[in-house]
Amino acid sequence: MKVLEMEFSKFEISQPLLRALDAQGIHIPTPIQEQTIPAALLGRDLLGTAQTGTGKTVAFLLPGIEMLSKRGPTREPRMLVLAPTRELVVQIADEAKKLAHHTSIRVLPIFGGASIKKQIDKLNIGVDILVATPGRLLDLMGRGRVRLKHIELFVLDEADRMLDMGFLPDIKKIVASMPINRQTMLFSATLPQPIVSLANRFLKDPLRVEIDTARPPQAIDQVLYPVPKHLKLQLLTELLQSESVESALVFTRTKQEADIITRQLRDGGLSVGEIHGDFSQKLRTRALEKFRTGKVRILVATNVAARGLDISGITHVINYDAPDEAENYIHRIGRTGRVDASGVAWTLVTPEDVPLISSVEYLLDATIERRILSGFYYDVPTPDWAKPSAKTILQRIERNQASIDRWKSLTR
């Protein structure tokens, strides 16, 4: 407890919250917590640029719970956290419940795919902190089950992902229902111009904090494995059989590929789970829990898990398919190397992926190591189905040149 009191007590955090931090083994503030918590406790608006895994969830929950706990519980929510996915909503709410364990603060996650009746029943009992996806929140607001007129603190998490998913009109409607004199915190992994415009609209004289903007943790060992398209599955199988792979998250571009790869890996005797957009919330939760607890060693996922997924102990992230944009590469590999842990990111690269890799290396301002797997037979002739069309190659070149141009404009 001595280390804890020397570190977090300087933020004037109350004993119930210090005990909750101690129970989770959180003793030393991360850089974003160090820079944001004092200002947040003073009621300052914040614009934070940081990857998931840097401690930003505690950075906004800790001061929020501290402020709310001084005034006791209420029936209507006083703090709202918006997040883009069901998985992230659940994770934020779970963290909030742990931090509020020794207080009277009540936390409720609301999202689509779960029983709306049960959510309404819990809202009727009363809630202090609401963690929500925009769609389900607007549904409940439209039914008259949620009112935001008492919101004192509003947090918009993964703001760039929100915009990518087309949530801006929903966010505007939600913000319009809240008091103007609220405190607002906006967090984003990247800071393109649309996010800056959003911040200018919603925040008042915000403190701006940037932690490793658009850069993966230095602890991640990144490697590219060049491979013909028709040999990707065989190479993936051999990589996953390596003794160093304790827990691996494998990303595919499509749901169909995720299904095929999962089936093939299982047929090969590997312990594999799967998650993508067609899964119900119950199946998603079950797959994530099995992966989290080690009941399955490998989780195959589409981009639904690229952001917000915070599972400790992932030793490897493997891009079976290179992501469509350089920024998504950052978000994907950030699932390993969490906070102070080390991690490994492997990407299988076909010839048609070369333009994408160029934009990734431009974003990283570094060259990623290329590696050939010893003992793997690469000389199998290419079947016709594996040969990319000229149109496909041209589209990738144009898309990734646009990505490079966008990042150049932001760094001028």
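Given the structure is predicted, the values throughout are model-derived calculations rather than measurements. (Residues numbered from 1 in each chain as written. Predicted model: local features only at pLDDT ≥ 70, side-chain atom pairs only at ≥ 80, totals over all residues. Heavy atoms only, no water.)

Between helix α7 (residues 134-142) and helix α9 (residues 168-176), the least distance of the axes is 10 Å, while the angle of their chain directions is 45 degrees. In this view, α7 runs oblique relative to α9, as classed from their interaxial angle. Relative to α9, α7 is oriented so that their crossing is left-handed. Across the interface between the two elements, P134, L137, L138 and M141 from α7 touch D170, K173 and I174 from α9. Across the contact of α7 with α9, the residue classes tally to 5 nonpolar, no polar and 2 charged. (Axes fitted to C-alpha atoms, helices over the stretch in contact; angles between N-to-C directions. Helix = DSSP H or I, 4+ residues; strand = E, 2+ residues; numbered from the N terminus. Parallel < 35°, antiparallel > 145°, perpendicular 65-115°, else oblique. Left-handed = near helix turned anticlockwise from the far one by under 90°. Contact = heavy atoms within 4.5 Å. Nonpolar A, V, L, I, M, F, W, Y, C, P; charged D, E, K, R; others polar.)

A separate point is the environment of G313. With respect to the helices and strands, the residue G313 is situated in the loop between β11 (298-301) and β12 (316-319). Here the alpha-carbon distance between G313 and S342, two residues 29 residues apart in the chain, equals 9.3 Å.

So, about the confidence of the model for the protein chain. Chain-level statistics for the protein chain give a pLDDT mean of 84 and a share of 85% at 70 or above. The secondary-structure element of the protein chain with the lowest mean pLDDT is helix α1 (residues 2-7), recorded at 45, while strand β2 (residues 79-82) shows the highest, at 98. Contacts from residues 1-6, a stretch scored under 50 in pLDDT, to residues over four places away or in other chains number 12 contacts. (pLDDT = per-residue confidence, 0-100.)

Once that is clear, we can look at the pairing of strand β13 (residues 343-349). Of all the 7 residues making up β13, 7 are buried; the element is thus mostly covered by neighbouring parts of the structure. The side-chain alternation of β13 yields two buried faces, one formed by G343, A345, T347 and V349 and the other by V344, W346 and L348. Bridge count for strand β8 (residues 220-226) against β13 is 7 bridges, and the pairing is parallel. Bridge pairing in β13 links L224 to T347. Of the pairings in the sheet, the one linking β12 to β13 comprises 4 bridges and is parallel in character. Note that in β13 the partner of N319 across the bridge is T347. (Buried < 20%, exposed > 50% of the residue type's maximum accessible area, 1.4 Å probe, protein only. Pairing = 2+ DSSP bridges.)

Its 13 residues give helix α12 (residues 255-267) an end-to-end C-alpha distance of 18 Å, which sits within 8% of 18 Å, the value for a rise of 1.5 Å per residue. All of the buried residues along α12 are A258, I261, T262 and L265. Viewed along the axis of α12, the buried residues span an arc of 100 degrees, placing them on a single side of the element. Residues of α12 that are exposed and point more than 90 degrees away from the buried face comprise Q256 and D267. (Expected span 1.5 Å × (residues − 1). Arc of directions from axis to C-beta.)

A separate point is the sheet that holds strand β14 (residues 369-370). The strand order across the open sheet formed by 7 strands is β10-β11-β9-β12-β13-β8-β14, and the pairing between neighbours is parallel. Of all the strands in the sheet, just β10 (272-275) and β14 have a single pairing partner and so form its edges. Here helix α11 (residues 232-240) sits on the sheet in contact with β8, β9 (248-251), β11, β12 and β13, set at roughly 160 degrees to β13.

In this structure, F60, L62 and M79 are the most contacted members of the largest nonpolar core, which totals 42 residues. Looking at this core, the element that brings in the most residues is helix α4 (residues 56-69), giving 8 residues. Discounting chain neighbours no more than four positions away, the residues touching F60 are M79, V81, I92, L153, V155, D157, M185 and F187. By size, the runner-up hydrophobic cluster in this structure holds 33 residues, among which are L82, I171, V175 and A199. (Core = buried A, V, L, I, M, F, W, Y, C linked by side-chain atoms within 4.5 Å.)

As enumerated under the stated definition, the model contains 14 salt bridges in all. Close ionic contact of K10 with E34 constitutes a salt bridge, the shortest N to O distance being 2.8 Å. With K10 in the loop between α1 and α2 (15-23) and E34 in helix α3 (residues 31-41), the pair connects residues that are 24 residues apart, well separated along the chain. Of the charged contacts, one joins R370 and E361 as a salt bridge, the two residues approaching to 2.5 Å between their closest N and O atoms. A single network of salt bridges, built from pairs that share partners, joins K56, D157 and E158. (Salt bridge = Lys/Arg side-chain N within 4 Å of Asp/Glu carboxyl O.)

Time to look at the environment of E289. Of note, E289 is situated in helix α13 (residues 281-292). Judged by relative accessible area, E289 falls into the partly exposed class, the value being 41%. The spacing of E289 and I311 is 22 residues in sequence and 9.7 Å in space, taken between C-alpha atoms.

Before going further, it helps to examine the pairing of strand β1 (residues 46-50). Here β1 lies mainly inside the structure; 5 of its 5 residues are buried. Both β1 and strand β6 (residues 183-188) contribute to a ladder of 4 bridges, which runs parallel. Across the sheet, L46 pairs through a bridge with M185, a residue of β6. Direction of pairing for β1 relative to strand β7 (residues 207-211): parallel, over a ladder of 5 bridges. Bridging across to β7, G48 finds its partner in V209.

Another aspect to go through is the sheet that holds β2. Taken in spatial order, the 7 strands of this open sheet run β3-β4-β2-β5-β6-β1-β7, and their pairing is parallel. Strand pairing shows two members of the sheet lacking a second neighbour, β3 (107-110) and β7, which therefore form its edges. Across the sheet, the mean angle from the axis of one strand to that of its neighbour is 15 degrees, orientation sign disregarded. Where α3 meets the sheet, its contacts fall on β1, β6 and β7, and the angle it forms with β7 comes to roughly 170 degrees.

Next up on the list: unusual backbone geometry. Backbone geometry places E12, a non-glycine residue, at a positive phi of 60 degrees. On the secondary structure map, E12 appears in the loop between α1 and α2. A positive phi angle, close to 50 degrees, is found at E158, a residue other than glycine. Since its relative accessible area comes to 2%, E158 is described here as buried.

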